[in-house]
Amino acid sequence: MTERVLLVGGGGREHAIARAVAASDRDVALYACASNRNPGIGGVAAGYETLDETDPDAVVEFAERVEASLAVIGPEAPLAEGVADALDDAGVYAFGPGREAARIETDKAWQRRFMREEGIPGTPEFETFEDSAAAAEYVETVAGDVAVKPTGLTGGKGVRVTGDQVTKAEAADYVRESGYDDWVVEERLVGEEFTVQAFVANGSVRPTPGVQDHKRAYEGDEGPNTGGMGSYSDAGPVLPFMTREDYDRAVEILEATVDALPDYAGVLYGQFMLTADGPKVVEFNARFGDPEAMNTLPVLETDFVDVLTAARDGDSLPELSFAPRATVCKYAVPAGYPTDPEAGTRVRIDPESAGEARLFYASVDQRDDGLYTTTSRSFAVVGVGETIAEAETIAGDALAAAGEEGLRARHDVGTADLIQRRIDHVRELRGS
Ligand code: AMP
Ligand code: GLY
């Protein structure tokens, strides 16, 4: 029987998911729907509909039309709008949590309270507020540095950290003036960030290798936060600046979280800060990371569709196997991104000119004479190699082939210098 897989979402992450589905040894047909037309997904899909991917009725209508036998939801916005619930109600199994469980990502106040109530290890000190004036006053009076977070989704761009990006007075002004009512104010965590994503369903938790994303817009971790400029993983689960024990602690936190959410199905993404006291939870997401999916899925050796069908059929998930390869992912973004992005540059890279690198399209505009940038991240190149250095060279060569005009990237992602700084940082924190 042909497995008819519906993919919701049209970014780089979803292009990686589309490839993982298309690479299955099983008899599969992929159908995609998204608010944009991603040419990479279009190239492997049997059908593609542009629709509002956050509209449950529109997604269900397409799922029924193509007789989808299961669905994978890439981005958070459809989860927040109940697209997984609507698909389930229509009899189409959705790999992705329903709106309630997705609050672990979509409602940061709920997430922190849940962690405290369930005694999840790695929970930072926090307070929640439903009034921006009270939150701002707290920021001004509390001892120590804090992170201030609007409780809802902000595309990774809503958080400000004192002592790092802003002073406490600036953070208090930001809380007062940015128009949100609901806030989490929590202790500033100091250390190195890393991500562990796990496939979760029917009580199984199957972790994937650690990845480090780069949220700051500019080289050397300068500038505003973005959705993520690039990321790397090593030829094993552990990143160069951490120990196996640190990774295992992070996995234990994910397992404790799923114990408290037994019906959770989908990807549980843990963003951790490796502090002097071990991993602490920066946040959870209810989906793959973008860019992190582009590190993880290309080295997944287990058939991705087997994971999805086991989840649907109520079975425990297969143990995962990963190629022992390092990966480096670099996003090319429009010049001026994220503050003043300039759209409309011709994209001069295609799968052939990307050389050894894998090319994942994100937000590009298909015109009669080719692809053009929009105001969001344009495309990513991923090197896969024996070492991070080898993977970095492959990704860097592909960026060079794409040309710089109208585009920008963080060339430092995955470089030996930057990684050494991470290692030194953790050594210094641990006093070793
Ligand atoms: P979030 O939207 O929660 O992922 O936060 C975005 C970014 O803000 C994170 O990736 C961190 O770099 C930073 N951040 C969030 N919470 C904290 C915290 N408690 N301490 C330090 N940095 C934080
Ligand atoms: N790379 C961060 C995220 O997907 O939220």
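Residues numbered from 1 in each chain as written. Chains lettered and ligands numbered in written order. Predicted model: local features only at pLDDT ≥ 70, side-chain atom pairs only at ≥ 80, totals over all residues. Heavy atoms only, no water.

*Asks:* Can you lay out the site of ligand 1 for me, pointing to particular residues and giving the numbers?
*Replies:* If you check the shell around ligand 1, you find 15 residues, and the closest are Glu186, Leu189, Glu193, Lys215 and Glu283. Lys149 has a polar side-chain atom sitting 3.1 Å from a nitrogen atom of ligand 1. Within the side chain of Glu193, a nitrogen or oxygen atom sits 2.4 Å from an oxygen atom of ligand 1. Expressed as a share of its isolated accessible area of 470 Å², the protein-covered part of ligand 1 is 94%. (Near = heavy atom within 4 Å. Polar contact = N/O pair within 3.5 Å; in protein donor to acceptor, adjacent residues only side chain to side chain. Areas by Shrake-Rupley, 256 points an atom, 1.4 Å probe, with all protein chains shown as cover.)

*Asks:* Which residues make up the site of ligand 2, and what are the values?
*Replies:* Within the structure, ligand 2 sits among Asp213, Gly227, Tyr269, Asn285, Arg287, Gly289, Asp290, Pro291 and Glu292. Asp213 places a polar side-chain atom, nitrogen or oxygen, 2.8 Å from a nitrogen atom of ligand 2. Within the backbone of Asp290, an N or O atom sits 3.0 Å from an oxygen atom of ligand 2. When isolated, ligand 2 has an accessible area of 200 Å², and the protein chains bury 91% of it.

*Asks:* Describe the pattern of salt bridges, listing the residues and the values that go with them.
*Replies:* What the rule picks out here adds up to 32 salt bridges. For Arg312, the salt bridge identified is with Glu3, shortest N-O distance 2.6 Å. On the criterion of sequence distance, the pair formed by Arg312 in helix α12 (residues 304-312) and Glu3 in strand β1 (residues 3-8) is long-range, its members being 309 residues apart. You can call Arg312 partly exposed: its relative accessible area is 25%. (Salt bridge = Lys/Arg side-chain N within 4 Å of Asp/Glu carboxyl O. Helix = DSSP H or I, 4+ residues; strand = E, 2+ residues; numbered from the N terminus. Buried < 20%, exposed > 50% of the residue type's maximum accessible area, 1.4 Å probe, protein only.)

Everything listed here is a matter of coordinates, which is why it stays silent on function.
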